[in-house]
Amino acid sequence: MEGKSVLGTILVVIVALSCLAFGEIALGDHRANPPDPEPDLEGRAVLMDAINTALEEEAFATAEVIMQYFRDKYPPSSGVKGWDNGNEVVYLYPATYKLGKHYAENGDLKKTLQVYEAELNSLSMEVPHYSWRFVGLQVPYLLALGQREPIEIRSILETHRAKFEQRATEVEHPGRKDLFEGLSTRMKSALDHLDLIGKKAHSFNFTHSYNAELPLTLEDLKGKVVLLDFWASWCAPCMASWPALQELYEANKDKGFEILSITSLQGRFGSEKEISSEREIELTGEFIRKHEVTWPVLFSDRSVNDPEYGATTLPLYVIVDRQGRVVYVLVGEFEGLGDIIITRLLDGEATG
């Protein structure tokens, strides 16, 4: 629901006034003006404040209008001569991510994908922009909506990976070189995740468990929809997702749904470092009891950054169908799209 309409109107007026201050005529006339050759950090900051305020007040349509204006006035390449000092350009990545998450959590997957695509369409290979990550993040949405076949998605990912690798060889700034290489690595991870889909989920050897008896295998869970949640105690987004997972689990555990939260011994737990395995297992148990986690939490004998699942970034969520096949891999966020996929599988519907 669009937030406070009065605030939305005020924000649009603020943006319009800001545009006048920057030498623009009106929101609708910005395409006639060439991108600014200088960083104009002040102008960017004013618009970013307006975007963030709109998002905080749930004035989502207003945020979209301002975000598109920002993209057109300040394309990523416009400040390439110095404003980012060789660092990866962030700007609209957080706002795009938050806006896409809002629509996904409200079941509007098409709108989430449109938000991602609007950001991607504004980017230039001149700059190692953080938002290039949406190339990989959009994959499960494309699959869920049936808008691309896996072979088409593979082509998109391979094309971008090749471009990022090429740019890494062309740029001189070492920071930018590293960032383009990092983007190439992310495309490889997305390709690895795509390769998992439709295949039998890889097995585990669990060495310690909570809320489950060992030995436990994925074969034991055939006939159930299973969510593999790769997590670590030092991963704040991992821990932040557990209340929502608890709600999902309690609502569906009697319908043939199971969650396996998988980690490995790290030699640390939260802020405690260089601790023994016994201490780490003890602290994990205390955390589980304190937060009343009721689904199985398990230690694997492989690293939590499991190469079999391409778990280079946490949290990673792998959804396995009743036949034991991987159907989706989600990176970073589960709420929204993940909930929809789980519901479809439990109801016996096709997932895309």
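Residues numbered from 1 in each chain as written. Predicted model: local features only at pLDDT ≥ 70, side-chain atom pairs only at ≥ 80, totals over all residues. Heavy atoms only, no water.

We now examine the packing of helix H4 (residues 93–105) against helix H5 (residues 109–120). Between H4 and H5, the least distance of the axes is 7 Å, while the angle of their chain directions is 165 degrees. Considered as vectors, H4 and H5 are oriented roughly antiparallel to each other. Considering how the two elements wind past one another, H4 and H5 form a crossing that is right-handed. In this structure, H4 uses Tyr93, Thr96, Leu99, Gly100, Tyr103 and Ala104 to contact H5, whose residues at the interface are Leu109, Lys111, Thr112, Val115, Tyr116 and Glu119. Per-class residue counts for the contact of H4 with H5 are 7 nonpolar, 3 polar and 2 charged. (Axes fitted to C-alpha atoms, helices over the stretch in contact; angles between N-to-C directions. Helix = DSSP H or I, 4+ residues; strand = E, 2+ residues; numbered from the N terminus. Parallel < 35°, antiparallel > 145°, perpendicular 65-115°, else oblique. Left-handed = near helix turned anticlockwise from the far one by under 90°. Contact = heavy atoms within 4.5 Å. Nonpolar A, V, L, I, M, F, W, Y, C, P; charged D, E, K, R; others polar.)

Taken in spatial order, the 6 strands line up as E1-E6-E3-E2-E7-E8 in an open sheet, and their pairing is mixed. Where the open sheet ends on each side, the last strands, each with one partner, are strand E1 (206–210) and strand E8 (326–331). When strand polarity is set aside, the average angle formed by the axes of neighbouring strands in this sheet is 20 degrees. On top of the sheet, helix H11 (residues 242–252) reaches strand E2 (225–230), strand E3 (257–263), strand E6 (297–300) and strand E7 (316–320); it is set at about 150 degrees to E3, its chief contact. (Pairing = 2+ DSSP bridges.)

A word on the pattern of salt bridges. Opposite charge on two side chains permits them to pair, given that their charged atoms come into close proximity. Scanning all chains against the criterion turns up 14 salt bridges. In this structure, the salt-bridge partner of Glu165 is Arg161, at a minimum N-O distance of 3.4 Å. Remark: Arg161 and Glu165 occur in helix H8 (residues 150–170); sequence separation between them is 4 residues, near one turn of the helix. Salt bridges linked by common partners bring Arg154, Glu158 and Asp195 together as one network. (Salt bridge = Lys/Arg side-chain N within 4 Å of Asp/Glu carboxyl O.)

Right, let's get into the pairing of E7. The buried fraction of E7 is high, at 5 of 5 residues. Burial along E7 is two-sided: the face carrying Leu316, Val318 and Val320 and the face carrying Tyr317 and Ile319 are both buried. Where E2 lies against E7, 5 bridges are found, and the strand directions are antiparallel. Across the sheet, residue Asp229 finds its bridge partner in E7, namely Tyr317. Note that E7 and E8 share 5 bridges and pair antiparallel. Bridge pairing links Leu316 to Val331 in E8. (Buried < 20%, exposed > 50% of the residue type's maximum accessible area, 1.4 Å probe, protein only.)

For the rest of this paragraph, the subject is the confidence of the model for the chain. When pLDDT is averaged across the chain, the result is 85; 84% of the residues are at 70 or more. Predicted confidence is poor over residues 20–37, with pLDDT under 50, and the contacts of this stretch with residues over four places away or in other chains come to 26 contacts. Counting contacts from residues 79–83, a segment whose pLDDT is below 50, to residues more than four positions away or on other chains yields 12 contacts. (pLDDT = per-residue confidence, 0-100.)

A separate point is unusual backbone geometry. A cis geometry characterises the amide bond from Leu214 onward to Pro215, with omega recorded as 5 degrees. Summarising the element assignment, Pro215 is placed in the loop between E1 and E2. With an omega of -5 degrees, the peptide bond between Leu314 and Pro315 qualifies as cis. By secondary structure assignment, the location of Pro315 is in the loop between E6 and E7.

This part takes up the nonpolar core. Nonpolar side chains in soluble globular proteins generally cluster together in the buried interior. In terms of nonpolar packing, the biggest core is built from 86 residues, with Leu228, Phe230, Tyr309 and Ile319 touching the most fellow members. A total of 7 residues in this core trace back to one element, the largest contributor, which is helix H9 (residues 174–196). Residues contacting Leu228, with those up to four places away along its chain left out, are Phe204, Leu218, Leu260, Ile262, Tyr309, Leu316, Tyr317, Val318 and Val320. Residues Ala59, Tyr74, Ala95 and Tyr103 belong to the second largest nonpolar core, which totals 19 residues. (Core = buried A, V, L, I, M, F, W, Y, C linked by side-chain atoms within 4.5 Å.)

Moving on, we get to the packing of aromatic side chains. In this structure the tally under the stated criterion is 20 aromatic pairs. Arranged with centres 6.0 Å apart and planes meeting at 65 degrees, the rings of Tyr249 and Trp295 form a pair that is edge-to-face. Of this pair, Tyr249 sits in helix H11 while Trp295 sits in the loop between helix H12 (277–290) and E6, and the two are 46 residues apart along the sequence. Residue classification places Tyr249 among the buried residues on the basis of a relative accessible area of 9%. (Phe/Tyr/Trp six-rings, centres within 6.5 Å; stacked < 30°, edge-to-face > 60°.)

For the rest of this paragraph, the subject is the side chain of Asn252. Summarising the element assignment, Asn252 is placed in helix H11. Sequence-distant contacts of Asn252, defined by excluding residues within four places in its chain, comprise Phe257 and Leu346.

Turning our attention to the environment of Tyr103. The topology assignment puts Tyr103 in helix H4. Spatially, the C-alpha atoms of Tyr103 and Phe60 are 9.4 Å apart, while their sequence positions differ by 43 residues. With residues up to four places along the chain from it excluded, the contact list for Tyr103 reads Phe60, Glu64, Asp108, Lys111, Thr112 and Val115.

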